[in-house]
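# Structural description and commentary
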Amino acid sequence: MSQYPYDRFVYFAPARGVVARVQSAWFSTQHSFSNRIRQLRTRLSAWWHRGKHQPLAAFDPRTGQPVLAGIPDGTNFCRTRHGRATILWSTYGSGGTCHLCLAQNVLTATGRRIETSQPRRPHDSGDGWIWGRFEIKADDVALIDDPRAKPKYDPDADPEATRQEKLLATSPRFRAAVADPDCARVAFLLLSQLEWFNVGDRDELPALSGSIAAMIAGVRDRGEIYTDYKFGATTVGIPEADIRRHTREIHDIMGELGWRTHTAEELRLKARADFNSRVDERIANWNSLAELEARAADSCEPTGGRYAEIPMLIYEGEEAWAEQLPQATKLMMSEEYARRVRHLVATNRISNDEYRILTGSIW
């Protein structure tokens, strides 16, 4: 369930029969192929239109800024070339001052050239970053090491820092644990994806994922920033035994600080309540289809909806509950429901609001 992300993965209700399984396999193959074609088309389109959306501009060494004369109005980005290096600038809301978004082929102190959106380079140890400053010239862009540029973290100076965030940041055991880069990744995923609550005060709010990411990056003091965790943290490459060990450690630390997640029984009850709610909603929607089908064709404006092609979603661990349902309810959860909704869409018998209700779409 989306609100209780405990390693639950969405999938479709089990298809029954050989024909259904073959159809499912064919659909999966077609979907994968179409996605690859779409991705290739997107990349080609981006390359083809880069000149239009990211036009080249001259660079003024005196101001350290691109020259916007000749750049079409409404353009949000431009590029400047500096020998082997290229900089992508943001012109949106700049008020005449552009902001560096991405620097490519930047020369570092090691002699290597890198691509970076921040004035930093990977640490030689592979764990962390060395910060500095960009030196932009007409014929090159260099990243000059400057330890003073490394961000400083102080939760007490952040008015938006939660009590949970401050407790973790000042916990010696937590600071020692996340010094291990693998544990830091596991800690972020656990703290941001699980639902934590204060044992003594259920109303106390936990830290948001961005704050957790910034806190872990700051506590580690390796030159990392919140985006390194919020948009890039995975457990890929971490042995399963280490993931389990780090998970136990974080749960123990949180327990010492007065926080915990749901027990297995609490999760089971929440999962069952959520499943029953979705089934009841599907039954109500199914019972409304006959009245909608009795409408005249073209009685509503075209919805443009084309996303009712799947049966009701169930989640890992709910198969037994789904199999225990009456046969009539299983039919309501099947492709038959999607077929009837598609017909309503194709014949313009339902409004946009009705389409969203029937399909569970929020758009």
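Residues numbered from 1 in each chain as written. Predicted model: local features only at pLDDT ≥ 70, side-chain atom pairs only at ≥ 80, totals over all residues. Heavy atoms only, no water.

## Some thoughts on the overall build of the protein chain
The helix and strand tally for the protein chain stands at 12 helices and 13 strands. Across the 363 residues that make up the protein chain, the buried fraction comes to 35%. Carbon and sulfur atoms form 54% of the exposed surface of the protein chain, whose accessible area is close to 21,700 Å². (Helix = DSSP H or I, 4+ residues; strand = E, 2+ residues; numbered from the N terminus. Buried < 20%, exposed > 50% of the residue type's maximum accessible area, 1.4 Å probe, protein only. Areas by Shrake-Rupley, 256 points an atom, 1.4 Å probe, with all protein chains shown as cover.)

## Some words on helix α4 (residues 181–193)
Over its 13 residues, α4 runs 18 Å from end to end, which matches the ideal 18 Å to within 8%, given 1.5 Å per residue. If you check which residues of α4 are buried, you get Cys-183, Ala-184, Val-186, Ala-187, Phe-188, Leu-189, Leu-190 and Leu-191. A distance of 2.8 Å separates the backbone nitrogen of Asp-182 from a side-chain oxygen at the start of α4, and that oxygen is part of Asp-180. (Expected span 1.5 Å × (residues − 1). Polar contact = N/O pair within 3.5 Å; in protein donor to acceptor, adjacent residues only side chain to side chain.)

## Topic: the nonpolar core
Of all hydrophobic cores here, the largest spans 30 residues; its most connected members are Phe-174, Ile-216 and Ile-250. Elements that contribute at least two residues to this core include exactly α2 (163–169), α3 (172–178), α4, α5 (209–220) and α7 (240–256). Per-element accounting of this core gives the leading share, eight residues, to α4. Ile-250 has contacts with Phe-174, Cys-183, Ala-187, Leu-190 and Leu-191, leaving out every residue within four places of it along the chain. (Core = buried A, V, L, I, M, F, W, Y, C linked by side-chain atoms within 4.5 Å. Contact = heavy atoms within 4.5 Å.)

## Here's the deal with the pairing of strand β7 (residues 113–116)
Consecutive residues of a regular strand have side chains that alternate between opposite faces of the sheet. Of the two faces of β7, only the one carrying Ile-114 and Thr-116 is buried; Arg-113 and Glu-115 on the other face are not. In this sheet, β7 lies alongside strand β6 (residues 99–107) in antiparallel orientation, the contact comprising three bridges. Across the sheet, residue Leu-107 finds its bridge partner in β7, namely Arg-113. Taking the residues between adjacent antiparallel strands as the criterion, β6 and β7 are bridged by five residues, where Gly-111 takes a positive phi near 95°. (Pairing = 2+ DSSP bridges.)

## Examining a negative patch on the surface
Together, Asp-154, Asp-156, Asp-158 and Glu-160 give the surface a local cluster of negative charge. You can see Asp-154 is positioned in the loop between β10 (141–145) and α2. (Patch = residues over 30% accessible without salt bridge, like charges linked within 9 Å, V, L, I, M, F, W, Y side chains within 5 Å. Salt bridge = Lys/Arg side-chain N within 4 Å of Asp/Glu carboxyl O. Lys, Arg positive; Asp, Glu negative; His and termini not counted. Charge placed at Lys NZ, Arg CZ, Asp CG, Glu CD.)

## Looking at the side chain of Arg-121
Among the secondary structure elements, Arg-121 is positioned in strand β8 (residues 120–122). Note on Arg-121: relative accessible area 7%, which makes it buried. Only 3.3 Å separates the side chain of Arg-121 from the side chain of Asp-124, close enough to count as a polar contact. In contact with Arg-121, other than residues within four places in its own chain, are Thr-108, Ala-109, Thr-110, Ile-114, Trp-129, Ile-130, Leu-143 and Asp-145.

## Comments concerning the confidence of the model for the protein chain
Residues with a pLDDT of 70 or more make up 86% of the protein chain, whose mean pLDDT is 85. By mean pLDDT, the top-scoring element of the protein chain is α3 (97), and the lowest-scoring one is strand β1 (residues 10–12) (35). Contacts from residues 1–16, a stretch scored under 50 in pLDDT, to residues over four places away or in other chains number 44 contacts. (pLDDT = per-residue confidence, 0-100.)

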